[in-house]
Amino acid sequence: MERIYGFQLMLVVSWGIFVGFTWCQDNADAVTAVYVVTLRQAPASHYYGDELRVNTEDFDHGASGGTTRLDTPRNISRRDGHNSSYIARVHDSLLRKVLRGESYLKLYSYHYLINGFAVLVSFQQAEKLSRRREVANVVLDYSVRTATTHTPQFLGLPEGAWARDGGYESAGDGIDYASPFDGDGHGTHTASIAGGNHGIPVVVAGHHFGNASGMAPHSHIAVYKALYKSFGGFAADVVAAIDQAAQDGADIISLSITPNRRPPGIATFFNPIDMALLSAVKAGIFVVQAAGNTGPSAKSMSSFSPWIFTVGAASHDRIYSNSIVLGNNLTISGVGLASGTPMDTKHTLVSAIHALNDTAAVNDMYVGECQDASNLNQDLVRGNLLICSYSIRFVLGLSTIKQALLTATNLSAAGVVFYMDPFVIEFQLNPVPMTLPGIIIPSPDDSKIFLQYYNTSLERDGSTKKVVKLGAVASISGGLKANYSHSAPKIMYYSARGPDPEDSFLDDADILKPNLVAPGNFIWAAWSSLGTYSVEFMGEDFAMMSGTSMAAPHVAGLAALIKQKFLSFSPSAIGSALSTTASLYDKNGGPLMAQRAYTNPDVNQSPAMPFDMGNGFVNSTASLDPGLIFDLSYDDYMSFLCGINGSAPVVLNYTGQSCGVSTICGIDLNLPSITIAKLNQSRVVQRTVTNIAENETYSIGWSAPYGVSLKVSPTRFSIAKGDRMVLTVSVNATMNSTIASYGRIGLFGHLGHVVNIPLSVIVKISLNTTNSQGAAD
């Protein structure tokens, strides 16, 4: 890969990577699987440990003439091709020795962030490898998925279309692209959100929706294809992409993917992807990951580790909506990126089932979906609004809005109205581009009201009951013009929530997740014209998508702007700047709201809490001037991992480093938040802040969580530029409770800086009255 000088913004998105491999043939017929094998010998990046460390004591803004990070030996070491080829030869040699005469397929050699390889072997062969003294860890590979709102599971593919056509192994066979081409669109979409060009016209279905821009339009992007459409991908591929990106000089890694299951073992943090990302952080790379789309239930988080910056999805203020005005003056709202009927002219409504040809199959239960123009009588449809059913087949991709629009166009309809089939229960629909006036009524209740008006307006023959006259009329207002809501942003129902699950038993971690939320709903961004993820956008250069996949690259792009201003910032310093400056309010000045249910989400909502939003909604301007930062080093994360009960051998296997006597727990990590999963009577927590701005005096205020008393000292301090201050937080349980409660600590500088620290306490165990009296005596 050609060396690019400047800021490297690397997007690890949802599409696969090919590298050279070693193949040895044998007649072994054992069942095989992919295993990720880690060796005890340190990877290449660890040999340059001193050079890889970022100087967190120098917070100059990168003045011209100074040494930048791209001038350091760290970037030279990344391009050491001799070292990579040597390590690959070591891997090949080990495989030949251990599996002499047996068949295996080495998929990848990892050498920069981890020293290991991915290999296709049998279980017995994997056991042989695990017994070698050179081998530290052997992990069965696991699948990952993109963090968009429409997952294969939601669409029913595993038990539906995939199963019918032979399973996921053959799903889409003959149309995946074994090349860097984005056959889905997800990768193109997320990459352009982070660093797409500025001021690019968004034209979809012939309509212009304004101009688009990435968050950091002049950053350099390297996209690594690690997953494929439909079936997703595996950890081995993602680790290979991460390892290559770090070697190529990436400053920021953004992953719009999450694991399909929680990692097994003593803690969720110990898995090949998270541990590779820990090495990336050691190398000075800021890591962003989508929270996942399994909300709104608690502990639905799919991004676990404290060195990863986890982003949830929120709405933004731009909305597209249109409506249909019925002949009885009732207005029903809907969705659809479509023009309205000219001059608000009312047209006759005709259902597809009432416009059948004589030769049409009247028993075809899907004829109402308007997928075949030959079934319908053009004389009955011409100039009228064609009514089509939006059924579960649209959700599964068996029927499409695009095909219904083609049917309506071929029959000279004035427009199309889709009503929601009652079996599609509360399906949340993204706005869909339409080439003629149209609307989708997404609510089953509103659909019933619409159909009731239509049916009661019909005139039928008294004896045959056949329809003899269509009486219903309506006009459609356009949905091309954006409206702006004052209630935005709000946390979307699908955005994964905390508490952060520490292990497969769902024990709570002392780490706040998500870190914050960013725009993720109804996001316009570039699209692969042959992308099949959303058939409605096939052939288009832009698409509107929703999910935490879209939220993560927003933060990745903003992180590039912070890195541009503060060249010497460590990854944790970047995360701190984003977190402590996050907003807690919507555009109207009210509290951020969180949707609490998939059904009627705008009705089922309440004020957002830290496990919904982390520190809050990202504030791009304030994050460039945070005032104070909370910093962490690789050694701090290592001390945290070593503090997990029984973790020492796992840490050694993954990192090649032995745990020392000094360990810390998650509460003691110098994060810009405080999370206490179990408060047993009292706890003292310390946080260290560093001033990166001018000399400033701060006063401290706080609100305590319910059932907890709180004290922070000092309550006021002055701090010079570059100096540090230790804050001591005393937390005491005043009652017994297993319900999470929340508080907040605010640092208010006289120059205008405001530092926001959320406090979450889940289980509270107080000293009972008898013991309290005895202690007092």
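Keep in mind the model is a prediction, meaning the values are calculated, not measured. (Residues numbered from 1 in each chain as written. Predicted model: local features only at pLDDT ≥ 70, side-chain atom pairs only at ≥ 80, totals over all residues. Heavy atoms only, no water.)

1. Quick word on the overall build of the protein
So, point 1. Within the protein, the secondary structure is distributed over 18 helices and 42 strands.
So, point 2. The buried share of the protein, reckoned over its 777 residues, is 56%.
So, point 3. Residue pairs at least 24 apart in sequence account for 76% of intrachain contacts in the protein once pairs closer than 6 positions are excluded.
So, point 4. Here the protein has roughly 31300 Å² of accessible surface; of this, 53% comes from carbon and sulfur atoms. (Helix = DSSP H or I, 4+ residues; strand = E, 2+ residues; numbered from the N terminus. Buried < 20%, exposed > 50% of the residue type's maximum accessible area, 1.4 Å probe, protein only. Contact = heavy atoms within 4.5 Å. Areas by Shrake-Rupley, 256 points an atom, 1.4 Å probe, with all protein chains shown as cover.)

2. Examining the packing of helix H8 (residues 272–282) against helix H16 (residues 634–642)
So, point 1. Two elements in contact, H8 and H16, have axes separated by 9 Å at closest approach and are oriented at 150°. What the angle tells us is that H8 and H16 run roughly antiparallel. Here H8 contributes Met-275, Leu-278, Val-281 and Lys-282 to the contact with H16, which in turn contributes Tyr-634, Tyr-637, Met-638 and Leu-641.
So, point 2. In terms of residue class, the contact of H8 with H16 is made up of 7 nonpolar, no polar and 1 charged. (Axes fitted to C-alpha atoms, helices over the stretch in contact; angles between N-to-C directions. Parallel < 35°, antiparallel > 145°, perpendicular 65-115°, else oblique. Nonpolar A, V, L, I, M, F, W, Y, C, P; charged D, E, K, R; others polar.)

3. Here we look at the packing of aromatic side chains
So, point 1. Evaluated as defined, the whole model comprises 17 aromatic pairs.
So, point 2. Plain terms: the ring middles of Tyr-493 and Tyr-494 are 5.2 Å apart, the flat faces sit at 85° to each other, and that makes the pair edge-to-face. The pair formed by Tyr-493 and Tyr-494 is uniform in burial state, with each residue classed as buried.
So, point 3. Ring geometry for Tyr-698 against Phe-717: centres 5.6 Å apart, planes inclined by 20°, an arrangement best described as stacked. Here Tyr-698 is found in strand S37 (residues 696–703), whereas its partner Phe-717 is found in strand S39 (residues 716–719), with 19 residues between them in sequence.
So, point 4. We classify Phe-717 as buried; its relative accessible area is 5%.
So, point 5. Ring-pair connections join several aromatic residues into one group, and the members of that group are Phe-209, Tyr-320, Trp-524, Trp-527 and Phe-537.
So, point 6. It is Lys-282 that lies over the ring of Tyr-634; its NZ or CZ is 4.6 Å from the centre. (Phe/Tyr/Trp six-rings, centres within 6.5 Å; stacked < 30°, edge-to-face > 60°. Lys NZ or Arg CZ within 6 Å of the ring centre and 35° of its normal.)

4. A closer look at the nonpolar core
So, point 1. Within the largest apolar cluster, 59 residues are counted, with the highest numbers of intra-cluster contacts made by Phe-269, Trp-307 and Leu-641.
So, point 2. Looking at this core, the elements that each hand over two or more residues are strand S3 (32–39), strand S4 (104–110), strand S10 (220–224), helix H7 (235–247), strand S13 (252–255), H8, H16 and helix H17 (648–655).
So, point 3. Broken down by element, this core gets its largest block of residues, 9 residues, from H7. (Core = buried A, V, L, I, M, F, W, Y, C linked by side-chain atoms within 4.5 Å.)

5. Quick word on the state of the cysteines
So, point 1. Scanning the model with the defined rule gives 2 disulfides in all.
So, point 2. The disulfide partner of Cys-370 is Cys-388, and the gap between their sulfur atoms is 2.1 Å. Taking the torsion about the sulfur-sulfur bond, which here is approximately -105°, the covalent link between Cys-370 and Cys-388 counts as left-handed. Of this pair, Cys-370 sits in the loop between strand S20 (347–351) and helix H9 (378–381) while Cys-388 sits in strand S21 (residues 385–390), placing them 18 residues apart in sequence.
So, point 3. You can call Cys-370 buried: its relative accessible area is 1%. (Disulfide = S-S within 2.5 Å.)

6. What about the environment of Asp-274?
So, point 1. Positionally, Asp-274 belongs in helix H8.
So, point 2. Counting along the chain gives 35 residues from Asp-274 to Val-239, while the straight-line C-alpha distance between them is 9.1 Å.
So, point 3. Setting aside chain neighbours within four positions, we find Asp-274 in contact with Thr-268, Phe-269, Phe-304, Ser-305, Trp-307 and Ile-308.
So, point 4. Side-chain polar atoms of Asp-274 contact the side chain of Ser-305, separated by 2.5 Å. (Polar contact = N/O pair within 3.5 Å; in protein donor to acceptor, adjacent residues only side chain to side chain.)

7. Some words on the sheet that holds strand S36 (residues 682–691)
Whether parallel or antiparallel, the strands of a sheet pair through hydrogen bonds between backbone atoms.
So, point 1. Pairing in this open sheet of 4 strands is antiparallel, and the strands run S34-S36-S40-S38 from one edge to the other. The sheet is open, and its two edges are formed by strand S34 (628–630) and strand S38 (708–713), each paired on a single side. Each neighbouring strand pair of the sheet contributes to a mean axis angle of 30°, computed without reference to strand direction.
So, point 2. Across 6 bridges, the pairing between S38 and strand S40 (residues 724–733) is antiparallel. Residue pairing in the sheet places Leu-710 in a bridge with Val-731 of S40. (Pairing = 2+ DSSP bridges.)

8. Side note on the side chain of Ser-302
So, point 1. Here Ser-302 lies in the loop between strand S15 (286–290) and strand S16 (309–314).
So, point 2. Judged by relative accessible area, which is 8%, Ser-302 ranks as buried.
So, point 3. Not counting residues within four places of it along the chain, the set of residues in contact with Ser-302 comprises Thr-258, Pro-259, Gln-289, Ala-291, Gly-292 and Thr-294.

9. A closer look at unusual backbone geometry
So, point 1. Look at the link from Lys-513 to Pro-514: it is a cis peptide, with omega at -5°.
So, point 2. Locating Pro-514 in the fold gives a position in the loop between strand S28 (490–491) and strand S29 (516–519).
So, point 3. For the bond from Ser-713 to Pro-714, the omega torsion is -5°, close enough to zero to count as cis.
So, point 4. Along the chain, Pro-714 turns up in the loop between S38 and S39.
So, point 5. Residues other than glycine seldom take positive phi values, yet Cys-370 does so here, at roughly 60°.
So, point 6. Phi at Leu-506 takes a positive value of approximately 65°, unusual for a residue other than glycine.
So, point 7. Taking relative accessible area as the criterion, Leu-506 reaches 29% and is therefore assigned partly exposed.

10. Quick notes on the confidence of the model for the protein
Do not read the fine detail of predicted coordinates wherever pLDDT is low.
So, point 1. In the predicted model, the protein carries a mean pLDDT of 85, and 85% of its residues have values of at least 70.
So, point 2. In the predicted structure, residues 1–29 sits below a pLDDT of 50 and forms 114 contacts with residues beyond four places in sequence or in another chain.
So, point 3. Across residues 49–77, confidence stays below pLDDT 50; counting only partners more than four residues off in sequence or on other chains, it has 54 contacts. (pLDDT = per-residue confidence, 0-100.)

11. Section: the pattern of salt bridges
So, point 1. This model, assessed by the stated rule, comprises 11 salt bridges.
So, point 2. The partner of Asp-317 in a salt bridge is Lys-587, with the nearest N and O atoms 2.9 Å apart. Linking Asp-317 in the loop between S16 and strand S17 (318–319) with Lys-587 in the loop between helix H14 (571–580) and strand S32 (593–595), this pair joins segments that are 270 residues apart in sequence.
So, point 3. In this structure, the salt-bridge partner of Asp-668 is Arg-683, at a minimum N-O distance of 3.3 Å. (Salt bridge = Lys/Arg side-chain N within 4 Å of Asp/Glu carboxyl O.)

12. A closer look at helix H12 (residues 444–456)
An α-helical turn contains 3.6 residues, so any two residues separated by three or four positions project in the same direction.
So, point 1. With 13 residues, H12 should reach 18 Å at 1.5 Å per residue; the first-to-last C-alpha distance of 18 Å fits that figure.
So, point 2. Within the sequence span of H12, burial applies to Pro-444, Ser-447, Phe-450, Tyr-453 and Tyr-454.
So, point 3. A side-chain oxygen of the first residue of H12 lies 3.3 Å from the backbone nitrogen of Asp-445; this N-cap is Ser-443. (Expected span 1.5 Å × (residues − 1).)

13. Remarks on the pairing of S40
So, point 1. The pairing of S36 with S40 spans 9 bridges and is classified as antiparallel. Bridge pairing in S40 links Val-685 to Val-729.

14. Examining the side chain of Gln-595
So, point 1. Relative to the assigned elements, Gln-595 resides in strand S32.
So, point 2. One polar contact links the side chain of Gln-595 to the main-chain amide nitrogen of Tyr-493, over a distance of 2.9 Å.
So, point 3. Each residue touching Gln-595, except ones within four places of it in the same chain, is listed here: Pro-296, Lys-490, Ile-491, Met-492, Tyr-493, Arg-497, Pro-601, Asp-602, Asn-604 and Gln-605.

15. Examining the sheet that holds S39
So, point 1. Pairing is mixed in the open sheet, where 5 strands are placed in the order S35-S42-S41-S37-S39. The open sheet has two edge strands with one neighbour each: strand S35 (674–680) and S39. The mean inter-strand angle of the sheet, taken between neighbouring strand axes irrespective of direction, is 25°.
So, point 2. By the bridge criterion, 8 bridges tie strand S41 (residues 741–749) to strand S42 (residues 754–765) in an arrangement that is antiparallel. Paired with Gly-743 across the bridge in S42 is Leu-759.

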